[in-house]
Amino acid sequence: MFRPGSDAVRQGLDMARYLVTGGAGFVGSHAVLALLDRGDEVVVLDDLSQGHRAAVPAGATLVQAQLSDRAELARVFANWRFDAVLHFAALSLVGESMKSPMHYLAENLGNSVRLIEAAVEAGCLRFVLSSTAALFGKPERIPIDEDCPVAPGNPYGESKLMVETALAWAESIHGLRYAALRYFNAAGSDPAGRAGEDHNPETHLVPLAIDAALGRRPALTVFGDDYPTPDGTCIRDYVHVTDLADAHLRVLTRLETHGSCRYNIGNGEGHSVKQVLGAIERVSGRAVPHSIGPRRAGDPAVLVAASERLRRETGWAPRFGDIDKIVRTTWAWREAHPKGYGDR
Ligand code: UDP
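A quick note: this is a predicted structure, and the numbers were derived from the prediction, not measured.

### Quick notes on the overall build of the protein
Looking only at helices and strands, one finds 11 helices and 14 strands in the protein. Taking 2.2 N^0.38 as the reference for a compact globule, 344 residues should give roughly 20 Å; the C-alpha atoms of the protein span a radius of gyration of 20 Å, in line with that estimate. Oriented by its inertia axes, the alpha-carbon framework of the protein measures out at about 60 × 40 × 40 Å. Considering only contacts within the protein whose residues lie at least 6 apart along the sequence, 77% involve residues at least 24 apart. Each charge class in the protein can be summarised by its mean position, and for the 37 positive and 42 negative side chains these summaries are 1 Å apart.

Next up, the structure:
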């Protein structure tokens, strides 16, 4: 049977085909766009529990299924031959993980282990994991490099560390090559406006503050202003989601010729909560209504990445590192999409 994207056609065109779990979610959908933009073929596996059908671009194939469904996973790997798996699908809220720790560990580890197993069985030996700065807990030093000791301060971070460990076993026993990308604070939206950030419930600072400025939400609560930082509010390293997507393309290329790797990804510059609110006011000309509330459990004072290893080994450099660019692209998407993807 001839179908576009068949192995023969792909060989002629030098295309690659990727399985992207969670490709209907925030970071996943931006990675799908980046892959399609460079001419690759993408199959998205997403149960749409958090992702959005409309976030999957027309050029990608969507398989709506749960990662817990072993038979479905086997069918997907039997149906297509993938050059690599990009694994975004996960529960990812620190606060929620503090309330339901076993649920987080079981879901994130169980689903990932099943996925790794299915990939190995199908002979797909390249894997990119969406990991997190939450591995580092209260970090020993700032900025945080890859040699900083890991000590997750919450079950979400712990679950990702466990998945990294599972990948290391798959590497040593099955020869799987993987990249673990520890994102710092993913933010921003596709600069061309094709995708954006739409969580339900929304818990992230930038979209919440923008919606408060747009009058769509009540005033933002700043979680604590008594941290040991210059203005007392938490400092984070906000990295543009399109730059994150670009990092995925670069590590996929690197995995062809090099072994497994772990990278911390951020701009290397921290911004306090108050500085983010300042950026929103600068970019939009509107005030962000807010009040100061208590600290949020599990929040370290400062998380800033050292991404020199990623830069040196893959040539990655953020194109949208400036906090104003991050805010501007989010503002544009949310202003244009008052109901987000409109499916909730
Ligand atoms: N934050 C806040 N109010 C909110 C949401 C977040 O003050 O309503 C703070 C939070 O304490 C943290 C920063 O904003 O210091 C970024 O939080 P977010 O939830 O966006 O990302 P996280 O750091 O949890 O990955």
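Next comes the rest of the description.
### What to know about the nonpolar core
The nonpolar side chains of a soluble globular protein tend to be buried with one another. Tyr18, Val20, Leu35, Leu86, Val128, Leu181 and Ile265 are the most contacted members of the largest nonpolar core, which totals 36 residues. Elements represented by at least two residues in this core include exactly strand S1 (17-21), helix H2 (26-37), strand S2 (41-46), strand S4 (84-87), strand S6 (177-183), helix H8 (241-257) and strand S11 (261-265). With eight residues, the top contributor of residues to this core is H8. Contact partners of Val128, with chain neighbours within four places excluded, come to Val85, Leu86, His87, Ala179, Leu181, His248, Val251, Leu252 and Leu255. With 26 residues, the next largest nonpolar core counts Leu115, Ala118, Ala119 and Cys124 among its residues.

### Here we look at the site of the ligand
Close contacts around the ligand come from 15 residues, with Leu205, Thr221, Phe223, Arg296 and Asp299 the closest. Separating an oxygen atom of the ligand from a backbone N or O atom of Leu205 is a distance of 2.8 Å. Thr221 places a polar main-chain atom, nitrogen or oxygen, 2.8 Å from a nitrogen atom of the ligand. In isolation the ligand offers 520 Å² of accessible surface; the protein chains occlude 88% of this area. When residues of the shell around the ligand are traced back to their parent elements, those giving at least two are helix H7 (205-213) and strand S8 (220-223). Per-element tally for the shell around the ligand: the top contributor is S8, with four residues. Split by residue class, the shell around the ligand holds eight nonpolar, four polar and three charged.

### Some words on the packing of helix H3 (residues 70-79) against helix H5 (residues 101-121)
Relative orientation of the contacting elements H3 and H5 amounts to 35°, with a least axis distance of 10 Å. Between H3 and H5 the crossing geometry is right-handed. Contact with H3, carried on its side by Arg70, Leu73 and Phe77, involves Arg114, Leu115, Glu117, Ala118 and Ala119 of H5 and no other residues of that element. Among the residues forming the contact of H3 with H5, the class breakdown is five nonpolar, no polar and three charged.

### Focus on the sheet that holds strand S12 (residues 271-272)
With mixed pairing, the three strands of this open sheet are ordered in space as S12-S9-S14. The open sheet has two edge strands, S12 and strand S14 (302-303), and neither has a second partner. Relative to S12, strand S9 (residues 235-236) runs antiparallel, the two being bridged by two bridges. By the bridge assignment, Ile235 is partnered in S12 with Ser272.

### Examining the side chain of Glu164
Relative to the assigned elements, Glu164 resides in helix H6 (residues 155-174). Within the structure, Glu164 has its side chain in polar contact with the side chain of Arg262 (distance 3.2 Å). The residues contacting Glu164, other than those within four sequence positions of it, are Leu129, Ser131, Leu135, Tyr178, Ala180, Arg182 and Arg262.

### Describing the state of the cysteines
Scanning the entire structure with this criterion turns up zero disulfides. Free cysteine Cys124: the closest other cysteine sulfur is in Cys261, separated by 15 Å. Given a relative accessible area of 8%, Cys261 falls into the buried group.

About the cut-offs
- Residues numbered from 1 in each chain as written.
- Predicted model: local features only at pLDDT ≥ 70, side-chain atom pairs only at ≥ 80, totals over all residues.
- Heavy atoms only, no water.
- Helix = DSSP H or I, 4+ residues; strand = E, 2+ residues; numbered from the N terminus.
- Rg over C-alpha atoms; globule rule 2.2 N^0.38 Å.
- Contact = heavy atoms within 4.5 Å.
- Lys, Arg positive; Asp, Glu negative; His and termini not counted.
- Charge placed at Lys NZ, Arg CZ, Asp CG, Glu CD.
- Core = buried A, V, L, I, M, F, W, Y, C linked by side-chain atoms within 4.5 Å.
- Buried < 20%, exposed > 50% of the residue type's maximum accessible area, 1.4 Å probe, protein only.
- Near = heavy atom within 4 Å.
- Polar contact = N/O pair within 3.5 Å; in protein donor to acceptor, adjacent residues only side chain to side chain.
- Areas by Shrake-Rupley, 256 points an atom, 1.4 Å probe, with all protein chains shown as cover.
- Nonpolar A, V, L, I, M, F, W, Y, C, P; charged D, E, K, R; others polar.
- Axes fitted to C-alpha atoms, helices over the stretch in contact; angles between N-to-C directions.
- Left-handed = near helix turned anticlockwise from the far one by under 90°.
- Pairing = 2+ DSSP bridges.
- Disulfide = S-S within 2.5 Å.

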